[in-house]
2 protein chains.
Amino acid sequence: MTKVYLDHSAAAPLLPEVREAMMPYLGMDFGNPLSLHDWGDAPRDALEEARVQVAALIGAANPEEVIFTASGTESNNFAIKGLALAQQNKGKHIVISAIEHFSVMNSAKFMEKLGYEVSEVPVDKNGLVDPENVGKAIRPDTVLVSIMHANGEVGTIQPLAEISKITKEKKVVLHTDAVATCGAIPVSVKELGVDALSLAGNPFYGPKGSAALWVRRGVRILPLMDGGIQEGGRRAGTEDIAAIIGMGKAAQIAARDLVERGQKLTQIRDQLINGLPAKIPHVVVTGDLVKRLPGHASFCVEFIEGEAMLMMLNSQGVAVSSGSSCTSRALKASHVLLAMGYNHEIAQGSLLFTMGIQNKPEDIDHVLNVMPPIVERLREMSPVYSKFIKANKGGQ
Amino acid sequence: MTKVYLDHSAAAPLLPEVREAMMPYLGMDFGNPLSLHDWGDAPRDALEEARVQVAALIGAANPEEVIFTASGTESNNFAIKGLALAQQNKGKHIVISAIEHFSVMNSAKFMEKLGYEVSEVPVDKNGLVDPENVGKAIRPDTVLVSIMHANGEVGTIQPLAEISKITKEKKVVLHTDAVATCGAIPVSVKELGVDALSLAGNPFYGPKGSAALWVRRGVRILPLMDGGIQEGGRRAGTEDIAAIIGMGKAAQIAARDLVERGQKLTQIRDQLINGLPAKIPHVVVTGDLVKRLPGHASFCVEFIEGEAMLMMLNSQGVAVSSGSSCTSRALKASHVLLAMGYNHEIAQGSLLFTMGIQNKPEDIDHVLNVMPPIVERLREMSPVYSKFIKANKGGQ
């Protein structure tokens, strides 16, 4: 059977070069970078090389501003909790968007337990944050704004450079969750004007367990991991050198291939975004069509459920998601789609295709072939759909 | 040159079988365990198998009580912060010992910023906590006691089963940092009577980036990582499946080989503990001689500095530590040795040998050969030593 993997936002395969770069650190070079003897040398050098590679991917001037963590979720927890707590004497108000990843949303909710207040900035039908609304949400006691760079569920890229103009003017720290964009589109912390940025290695074919938080020099942050002196005292815990080296190598390759990858992925993305609604009636493309991640196609297929489609696509060898992988077993309508103004019924039909560099136009052809009969069969079983058909016939 | 690695508490090599078990998850089986399609199956099954393996190593009845994390430091942060915060309505007092790892100590210090109070239970000259002192430190508002199972710097194993009798009687949650003991000596959460236990994979030849916190069913804990639904909602973030599988495999092997490893390591440990003071005058063995980790030999060599010895041993191909690797670059006297009653001067001469399963008696012979001239040379350069010699001669 043809196998087509289109769920790269849930998990992406390691690049062979990345795996190769990691291997010595799963073998002979097992030492601790803090060790003063010879066994510490290779891991320490490799660690600092990876830091330079990751800094280069995001246009950071100072590699020491990169703090390695173990997941995008950790980076986001670290940012929200650490940046807010470091300024608790200044104020206890946090601003986020309504469509943040759960690691940002739930970290902000955690801060409410510590007496903080959280305001959510709304988004429009395309999932876009209006920078003016960020300005309006900022109060004198606001210490942190966190707006994601791009949303993993609907692919919309936010106007961060415009948002940062406002936060700079109002002297509020701006964090962005850039897990979906780093390695996918050009990211420059300088051009974005942010103060802190989360990224993870797996989205650009680095290992799971690799991630980082970049924090601009001079911006205060409290550790999430208290303990030893690793990462300049900002993130304790023995470094997972193999993962870090893998992330560094993947960052280096991503920086090199960024334009080429972007073009290729945009092409097959548009093949699907244009092809699916042309073949199947009552399909809505979610997210912005222009300000959109390459390799990201998301839809709501009306009258049926995303998970049912997912299972039937799986039986045809096609792997996709229905919303964020962090909630895919929760069977709830996505908070992202609801915030964009979709109703529960339509949001239930969410389907997310995330393409990778190994995908080819033929993979999309396969999806466009197998999807229509799947949707047709599911709609035949759908009471909502038969009601809709009857109503439409009745109206004739 | 003969190469002898005796710094296993800083970093241990991966077992080849462990690396082999990890490889599929760095290759074809890259999927996300939360994925509903076929790519999620292998990682999900492997994740749950690893959970069973880790639970078995610590005698936990319910594998789902095991929460995977990314480091022993994370497990300790999670335990201290999460267990204390979950009970904040009951009280805000935490009891720890004076010789905890920095990830426990500094997590407790962090809680002071949130209005908690922390009491430190003292230790005796051998680094032992007196259970009675734990009882005395517990107040009506105490919500958490955290006493490490064994200390990584001096090897002393605490009487946890006696301590847990007291915490149970006083109905206070007991956590233990068992990073140094799991896989090294038999550990049973049931026999120890603890409510939560931290462990890490690398000390028993699993990968870095693998660790876990075991929390007894029914004990409330707040997440350190807020976000998605992974690990039963208790620890968000995409699972580092390769690391977790490696930890599971290493746990399985450790459980199988525990007795044999323990005997072997105890033998070469005692070879060094007996041999070094016999060959070099003014050498003190630190920690308890009986209640002691296998493979763990720690000393204070008087009149000279640990780091100078470490560097000279390194030039002879021998890798050791001077105190905890998390602080080895801080050039401060160990808080552990100071708490045990050693003065700053003697504590500066700290030297730590941690043996692994690949070490042989010949490795210890090598150390016993190269150490005496190193110490002699350093003492020749030591003003403190010449003062001591003069004073002794003057006294004759």
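Structure report, in brief. Source: prediction; values computed, not measured.

Cut-off values and rules
- Per chain, the residues get numbers from 1 upward, laid out in the order the sequence is written.
- Chains carry letters and ligands carry numbers; both start at the beginning, A for chains and 1 for ligands, and go up in the order they are written.
- Two thresholds apply to this predicted model, a pLDDT of at least 70 for residue-level local features and 80 or more for giving and counting side-chain atom pairs, whereas whole-chain, interface and lining totals are computed over all residues.
- Heavy atoms from the whole structure form the basis of all side-chain values; hydrogens and water molecules are not counted.
- Between any two strands, pairing holds if DSSP finds at least two bridges.
- Each helix is a run of DSSP H or I of at least 4 residues and each strand a run of E of at least 2, with the numbering of both proceeding from the N terminus.
- Only the stretch in contact is used when fitting a helix axis, every axis being a line fitted to C-alpha atoms; angles between N-to-C directions are given from 0 to 180 degrees.
- A pair of aromatic rings is counted whenever rings of Phe, Tyr or Trp (Trp by its six-membered ring) have centres within 6.5 Å, and the orientation is called stacked for planes under 30 degrees apart, edge-to-face for over 60 and tilted otherwise.
- Throughout this description, the term charge over a ring refers to an Arg CZ or Lys NZ atom that lies within 6 Å of the ring centre and within 35 degrees of the ring normal.
- The fit set for superposing copies consists of C-alpha atoms from residues with pLDDT of at least 70 in both; the fit itself is least squares.
- Note on contacts: a residue pair is in contact if any heavy atoms of the two residues lie within 4.5 Å.
- Throughout, buried area stands for the accessible area (probe radius 1.4 Å) lost by two parts on being put together, summed over both.
- The term salt bridge refers to a pairing of a side-chain nitrogen on Lys or Arg with a carboxyl oxygen on Asp or Glu at a separation within 4 Å.
- Polar contact is defined as a pair of N or O atoms within 3.5 Å, subject to the rule that within protein one atom must be able to donate a hydrogen and the other to accept it, and that residues adjacent in sequence are counted only when both atoms are side-chain atoms.

**Considerations on the sheet that holds strand β4 (residues 117-121) of chain B**
Strand-to-strand pairing in sheets goes through backbone hydrogen bonds, with the strands running parallel or antiparallel. Residue and element names in this part refer to chain B. If you walk across this open sheet you meet the 7 strands as β2-β8-β7-β6-β5-β3-β4, and the pairing is mixed. Of all strands in the sheet, those with a lone pairing partner are β2 (66-69) and β4, marking the two edges. Direction aside, neighbouring strands of the sheet carry axes that sit 20° apart on average. Bridge count between strand β7 (residues 196-200) and strand β8 (residues 211-215): 5 bridges; the pairing is antiparallel. Each residue of the ladder has a partner; that of leucine 199, found in β8, is alanine 212.

**Considerations on the packing of aromatic side chains**
Using the criterion set out here, one finds 12 aromatic pairs over all chains in the structure. Ring centres of Phe303(A) and Phe388(A) lie 4.6 Å apart, and the angle between their planes is 35°; this geometry places the pair in the tilted category. Highlighted residues: Phe303(A) in the loop between β10 (296-301) and α9 (306-315) and Phe388(A) in helix α13 (residues 383-394), separated in sequence by 85 residues. For the cation-ring pair, Lys81(B) lies above Phe110(B), with the distance from its terminal atom to the ring centre recorded as 4.4 Å. The ring of Tyr342(B) has Lys125(B) lying over it, and the distance from NZ or CZ to the ring centre is 4.1 Å.

**Quick notes on the relation of the copies chain A and chain B**
Each copy superposes on the other: chain A lies on chain B with an RMSD of 0.0 Å after a rotation of 180° and an axial shift of 0.0 Å. These values place the two chain copies in the arrangement generated by a two-fold rotation axis. Judged by C-alpha distance, Ala70(A) is the residue of chain A that lies nearest the rotation axis, at 3.3 Å. Interface overlap between copies is the fraction of interface residues in one copy that are interface residues in the other; for chain A against chain B it reaches 99%, indicating a shared surface.

**Comments concerning the interface of chain A and chain B**
As a measure of interface size, the accessible area lost when the parts come together is often cited. Of the residues lining the interface, 67 residues belong to chain A; the matching set on chain B comes to 66 residues. The contact between chain A and chain B buries some 5,700 Å² in all, and 62% of this surface belongs to carbon and sulfur atoms. At the junction of chain A and chain B, the tally comes to 4 salt bridges. Of the charged contacts in the structure, one is a salt bridge between Lys81(B) and Asp226(A), with a shortest N-O distance of 2.7 Å. The tally of links from chain A across to chain B stands at 20 residue pairs in polar contact (both at pLDDT 80 or more). Breaking the side of chain A that touches chain B down by element, the ones donating at least two residues are β1 (4-5), α1 (16-22), α3 (72-86), α4 (102-113) and α9 of chain A. Of the residues forming the side of chain A that touches chain B, the biggest block, 6 residues, is contributed by α4(A).

**Topic: the sheet that holds strand β12 (residues 350-354) of chain A**
Residues and elements named next belong to chain A. What the 3 strands build is an open sheet, ordered β9-β10-β12; its pairing is antiparallel. Each of the sheet's edge strands pairs with one partner strand only, and the pair in question is β9 (283-285) and β12. Strand-to-strand twist in this sheet, taken as the mean axis angle between neighbours without regard to direction, amounts to 25°. As defined by bridge partners, β9 adjoins β10 across 3 bridges and the pair is classed as antiparallel. Bridge pairing in β10 links valine 283 to valine 301. Strand contacts of helix α8 (residues 241-279): β9, β10 and β12, with the helix running at about 15° to β10, the strand carrying the most contacts.

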